[in-house]
Amino acid sequence: MSEEQTYGFETLQIRAGYDPKKHNYASTVPIYQTASFNIGDTDRLKRLKSKEEHGFFYTRSGNPTLDILEKRITALEGGTGALAVASGMAAVAYSLLNVAEGGGEIIAIHSIYAGSYNLLEHTLPKFGIKVKWIDDPYDTELFRKAITKNAKGIFIETIGNPLINVLDIETIAKIAHENNVPLIVDNTFATSYLLKPFDFGADVVVYSSTKALGGHGSTLGGLIVENGKFNWDNGKFSHFTEPDYKVENKNLLEVFPDTPFTTRVRLHYLSEFGAVLSPFDAFLILEGFETLSVRLEREVENTKIVVNYLLKHPQVCWVSYPDVPDERNHNNRQLAEKYFPKGSGSIFSFGYKGDQEHINKFLNNLKVFSFLVNVGDSKSLITQPSQTTHSSLREEDRIKAGAFDNALRVSIGLENVDDLITDLEQAFKESIK
Ligand SMILES: *Cc1c(COP(=O)(O)O)cnc(C)c1O
């Protein structure tokens, strides 16, 4: 497929980045299940090294199946380049290290993924990287106040969890840029179908493709996307401009002006820390991409119906979904109208009115919903974050993230929506017997 920028999202999700003519006319993207690639002869080695010919050496630093996945997310996101890695956590960790290595500071919010929270709170400090937590992300001036001369990036999620909060991405991006730091956005819950963070000033977008992008709960994967706009040569990121041994001691920014961020992660963190995605898993994620818009559309539709049912239910004390007025997230609705015209996704939380014993009965009596820790699946899922995903957090931090004791987080899938409501209804009844 050529001139991809002129095609719509639905076409790109199925065809971008793949030209069958270059792959024996295979209709579906082939799985290059190989660790290494024959060099051929020493003349070809010379051409590969001088970039006269494009080719692959070893799957940890590049593979055609992964390359197509990277091109596809680049097209969907409206970026200049991408990198596939083995999991969402690898994407988050490598991206944060790539900006803050050598003792930088990251400004972040409490309602990020618990793995990212633990990374910033416990593990990165051991590498000399500090975090500044923003207590009230709706007060965007707090981001400005948290930026010191050591600040190397702001890290947010487009829909936080389990609080399910929407942030003012555009304003936060502006504050980041006024202070010469990039905005890194985890867009896992929204996906590029519902929201393209680059449109609102984000510089780097990261994904757990394990969730809605893959969409079937079968495969772990992570993606990092950039749009090539951030000025890494502003004096704060000397590691991007100093002589780089991976590019013949040249300045990486000059060698890769459109994709310095993902190239640097590929050459250093992926190559040396090694969390490479398997070609087979890249294939499964590409299969997931093909139906992304259709799945999301139906999931949003189902979610609205289930949310409306829960809002009227006597055993529900609150529902946190951006479309719903809720005093916990006072700005959500306004922000959702701006950032999520196609709907606020398929994931929400609700408060169960009752004690833990009732909640246990409720969870144990669900027959259609899966009780597990994942989201963005074609199957409907439920979990109690305080007991699962967020159980390792201190109580005060759990509360800030929205993992209240009685909060249940739901991810709505593609089953018949009447069956989902019938299932919830019978489990509510059983829970108070
Ligand atoms: C799941 C998740 C991650 C981590 O992804 P893995 O693929 O499980 O490593 C990161 N961010 C968000 C928002 C997630 O939901």
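- In the annotation of an unreviewed UniProt entry, the entry for the protein chain reads O-acetylhomoserine (Thiol)-lyase, and the organism field reads Clostridium algifaecis.
- Word for word, the UniProt comment on the protein chain under Sequence similarities (unreviewed entry) is "Belongs to the trans-sulfuration enzymes family."

### Some thoughts on the side chain of S116
- Position of S116 relative to the elements: it lies in helix α5 (residues 114-123).
- Of the residues examined, S116 reaches a relative accessible area of 1% and is grouped as buried.
- For S116, the residues in contact, after removing those within four places along its chain, are M89, V92 and F155.

### Topic: the packing of helix α13 (residues 292-311) against helix α17 (residues 417-431)
- Running from amino to carboxyl end, α13 crosses α17 at an angle of 30°, the nearest separation of the two axes being 10 Å. With respect to each other, α13 and α17 are oriented roughly parallel. Of the two possible hands of crossing, α13 and α17 adopt the one that is right-handed. Of the residues in α17, those touching α13 at N302, I305, V306, Y309 and L310 are V417, I421, L424, E425 and F428.

### A closer look at the layout of surface pockets
- In this structure, the largest pocket occupies an estimated 1,300 Å³ of space.
- What lines the largest pocket is a set of 33 residues, and nearest its centre among them are K51, S61, F256, R266 and L267.
- Within the residue set of the lining of the largest pocket, elements represented by two or more residues are α2 (42-49), α3 (64-77), β1 (81-85) and α11 (260-273).
- Each residue belonging to the lining of the largest pocket can be placed in one class, and the counts come to ten nonpolar, 13 polar and ten charged.
- Taken as a whole, the second largest pocket spans an internal volume of roughly 430 Å³.
- Considering the residues around the second largest pocket, the lining is formed by 28 residues, among which Y113, S208, T210, K211 and N374 are closest to the centre.
- Put simply, the parts of the chain that give the lining of the second largest pocket at least two residues each are α4 (88-100), α5 and β6 (204-208).

### Comments concerning the pairing of strand β2 (residues 105-109)
- Counting buried positions along β2 yields five of five residues, so the element is predominantly enclosed.
- Because side chains alternate across β2, one face comprises the buried residues E105, I107 and I109, and the other comprises I106 and A108, equally buried.
- Inspection of the sheet shows β2 paired to strand β3 (residues 130-134) by five bridges, in the parallel sense. Opposite A108, over in β3, you have W133 as the bridge partner.
- At this point the chain moves from β2, through α5, to the parallel β3, and the crossover so formed is right-handed.
- Summarising the sheet, β2 and strand β4 (residues 151-157) pair through four bridges and their orientation is parallel. Following the sheet pairing, I106 is matched in β4 by G153.

### Observations concerning the sheet that holds β3
- Read from one edge to the other, the open sheet built from seven strands follows the order β1-β7-β6-β5-β4-β2-β3, with strand pairing classed as mixed. Of all the strands in the sheet, just β1 and β3 have a single pairing partner and so form its edges. For this sheet the average axis-to-axis angle between neighbouring strands, irrespective of direction, equals 20°.
- Contacting β1, β6 and β7 (222-226), α11 crosses the sheet at an angle of about 30° to β1.

### Here's the deal with the pairing of β6
- Buried residues dominate β6, accounting for five of its five residues.
- Burial of the side chains of β6 extends over both faces: V204, V206 and S208 are buried on one face and V205 and Y207 on the other.
- Bridge analysis of strand β5 (residues 183-186) against β6 gives three bridges, and the strand direction is parallel. Following the sheet pairing, I184 is matched in β6 by V204.
- For β6 and β7, the ladder comprises five bridges, and the chain directions are antiparallel. Within β7, the position partnered with V205 by the bridge is V225.

### Re the sheet that holds strand β14 (residues 407-411)
- Read from one edge of the open sheet, five strands run β10-β11-β14-β13-β12, paired in mixed fashion. This sheet does not close on itself; its edge strands, each paired only once, are β10 (316-320) and β12 (370-371).
- Pairing geometry for β10 and strand β11 (residues 347-352), over four bridges, is antiparallel. Considered in β11, the bridge of V319 is made with F350.
- Contacts from α13 reach β10 and β11, with the element oriented near 15° to β11.

The rules we used
- Residues numbered from 1 in each chain as written.
- Predicted model: local features only at pLDDT ≥ 70, side-chain atom pairs only at ≥ 80, totals over all residues.
- Heavy atoms only, no water.
- UniProt positions renumbered as here; feature names shortened; annotations may be inferred.
- Helix = DSSP H or I, 4+ residues; strand = E, 2+ residues; numbered from the N terminus.
- Buried < 20%, exposed > 50% of the residue type's maximum accessible area, 1.4 Å probe, protein only.
- Contact = heavy atoms within 4.5 Å.
- Axes fitted to C-alpha atoms, helices over the stretch in contact; angles between N-to-C directions.
- Parallel < 35°, antiparallel > 145°, perpendicular 65-115°, else oblique.
- Left-handed = near helix turned anticlockwise from the far one by under 90°.
- 1 Å grid on protein atoms, 1.4 Å probe; cavity = no way out; pocket = protein on both sides within 12 Å on 5 of 7 lines; lining within 4 Å.
- Points joined across faces, edges and corners; volume = space filled by probe spheres on them.
- Nonpolar A, V, L, I, M, F, W, Y, C, P; charged D, E, K, R; others polar.
- Pairing = 2+ DSSP bridges.
- Right-handed = clockwise from strand over helix to strand, strands pointing away.

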